[in-house]
Amino acid sequence: MDGIIIRRARESDLSQLIAMFAADDVGGHGDTTDADAYDDYLRAFNMIDASQNEQLFVVERDGDVVGTFQILFNRTLTGRGSLSMIIEAVQTRPDMRGQGIGAQMIGYAIEEAKRRECRLVQLTSNAARTDAHRFYERLGFAKSHAGFKMKFK
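Asker: Hey, could you go over the environment of Gln 99 for me, with residue numbers and the actual values?
Answerer: Inspection of the secondary structure assignment puts Gln 99 in the loop between strand S4 (83-92) and helix H4 (101-115). Classification of Gln 99 by relative accessible area gives partly exposed; the value is 31%. Among the polar contacts made by the side chain of Gln 99, one reaches the side chain of Arg 61 at a distance of 2.7 Å.

Asker: Explain the sheet that holds S4 to me, and be specific about the residues and the numbers.
Answerer: Judged by pairing direction, the sheet is mixed, and its five strands sit side by side in the order S1-S2-S3-S4-S5 without closing on themselves. Edge positions in the sheet fall to strand S1 (4-8) and strand S5 (120-123), since each of these pairs with one other strand and no more. Sheet twist, expressed as the average angle between the axes of neighbouring strands with direction ignored, equals 25°. Sheet analysis places S4 next to S5, joined by four bridges and oriented parallel. Note on S5: the bridge partner recorded for Ser 84 is Leu 120. Most of the contacts of H4 go to S4, to which it runs at about 165°, and overall it touches S1, strand S2 (54-61), strand S3 (64-75), S4 and S5.

Asker: Quick one: what's the story with the packing of aromatic side chains, residue by residue and with numbers?
Answerer: Under the definition given, this model contains five aromatic pairs. Arranged with centres 6.2 Å apart and planes meeting at 65°, the rings of Phe 69 and Tyr 108 form a pair that is edge-to-face. Note that Phe 69 is positioned in strand S3 and Tyr 108 in helix H4, a separation of 39 residues in sequence. Geometrically, the ring pair formed by Tyr 136 and Phe 141 is edge-to-face, given 6.1 Å between the ring centres and 75° between the ring planes. Of the two residues, Tyr 136 and Phe 141, neither departs from the other in class, the shared state being buried. Pairwise contacts between aromatic rings join Phe 57, Phe 69 and Tyr 108 into one cluster.

Asker: I'd love a proper account of the pattern of salt bridges, names of residues and values included.
Answerer: For the structure shown, the criterion picks out nine salt bridges. Across the salt bridge formed by Asp 13 and Arg 7, the nearest N and O atoms sit 2.7 Å from each other. Relative accessible area serves as the criterion here: at 3%, Asp 13 is assigned to the buried category. A salt bridge links Asp 49 to Arg 8, with the shortest nitrogen-to-oxygen separation between them at 3.8 Å. Of the two residues, Asp 49 is situated in helix H2 (residues 38-50) and Arg 8 in strand S1; the sequence distance between them amounts to 41 residues.

Asker: Lay out the side chain of Glu 60 with the relevant residues and their values.
Answerer: Considering the arrangement of structural elements, one finds Glu 60 in strand S2. A residue is classified by how much of its surface remains accessible, and Glu 60, at 15% relative accessible area, is buried. At a separation of 2.8 Å, a polar atom in the side chain of Glu 60 contacts the side chain of Arg 7.

Asker: Describe the packing of helix H1 (residues 14-22) against H2, listing the residues and the values that go with them.
Answerer: With their axes 11 Å apart at the nearest point, H1 and H2 run at an angle of 110° to one another. By the angle class used here, H1 and H2 are roughly perpendicular. Regarding H1 and H2, the two cross each other, and that crossing is right-handed. Residues Leu 14, Ser 15 and Ile 18 of H1 form the contact with H2, whose participating residues are Tyr 38, Tyr 41, Leu 42 and Phe 45.

Conventions adopted
- Position labels on residues start from 1 in each chain and follow its written sequence.
- Under the rules for a predicted model, residues below a pLDDT of 70 receive no local features and side-chain atom pairs below 80 are neither given nor counted, while totals for whole chains, interfaces and linings still include all residues.
- Hydrogens are left out, water is left out, and the side-chain values use all remaining heavy atoms of the structure.
- Secondary structure elements are taken from DSSP: a helix is a run of H or I of four residues or more, a strand is a run of E of two residues or more, and numbering for both begins at the N terminus.
- Relative accessibility thresholds used throughout: buried, under 20% of the residue-type maximum; exposed, over 50%; partly exposed, between the two (1.4 Å probe, protein chains only).
- Pairing of N or O atoms within 3.5 Å defines a polar contact, subject to two protein rules: one partner must be a possible hydrogen donor and the other a possible acceptor, and residues neighboring in sequence count only if both atoms are side-chain atoms.
- Strands were regarded as paired on the criterion that DSSP finds at least two bridges between them.
- Axis definition: a line fitted to C-alpha atoms, limited for helices to the stretch in contact. Angles are taken between N-to-C directions and run from 0 to 180 degrees.
- Every residue pair with non-hydrogen atoms within 4.5 Å of one another is taken to be in contact.
- Between rings of Phe, Tyr and Trp, where Trp is taken as its six-membered ring, a pair exists when centres lie within 6.5 Å; planes separated by under 30 degrees are stacked, by over 60 edge-to-face, and by other angles tilted.
- Here a salt bridge means any side-chain nitrogen of Lys or Arg lying within 4 Å of a carboxyl oxygen belonging to Asp or Glu.
- Roughly parallel covers angles under 35 degrees, roughly antiparallel covers those over 145, roughly perpendicular covers 65 to 115, and oblique covers all other angles.
- Helix crossings are classified by the rotation of the near helix relative to the far one: an anticlockwise turn of less than a right angle makes the crossing left-handed, while a clockwise turn makes it right-handed.

Just distances and angles here, no functional claims.
Right, here's the structure in full:
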């Protein structure tokens, strides 16, 4: 796809990322463009950006942020001490969906997992996102586990 760049997120991308998350009516994460919340996002961005095990990416098309995803690396004793990648916060701007951007984001993450010699790549997806589930299955992901959450806020 012409004009697409996948790169590490910068602080200057934050407003566009916040708007993308706030527009998600399925996620239920409580994201908002309210100016009072900006410092929360900035604090989180700085922590992610400083982490050795987390990376936040954006997809830029013709200078606009049109997608984002985050990857986390997790080493466990299971699997003989192997490294795994977790893909989180995958979002494509609503007006850009269906153009192959999501596949490029996931492909980029998978290549990074291979480069880092990960044993596996995993992700979770909201149970209501049936279109996303079909998308991930088309890319080679298999439903293999049931997930559980306990929310505090």
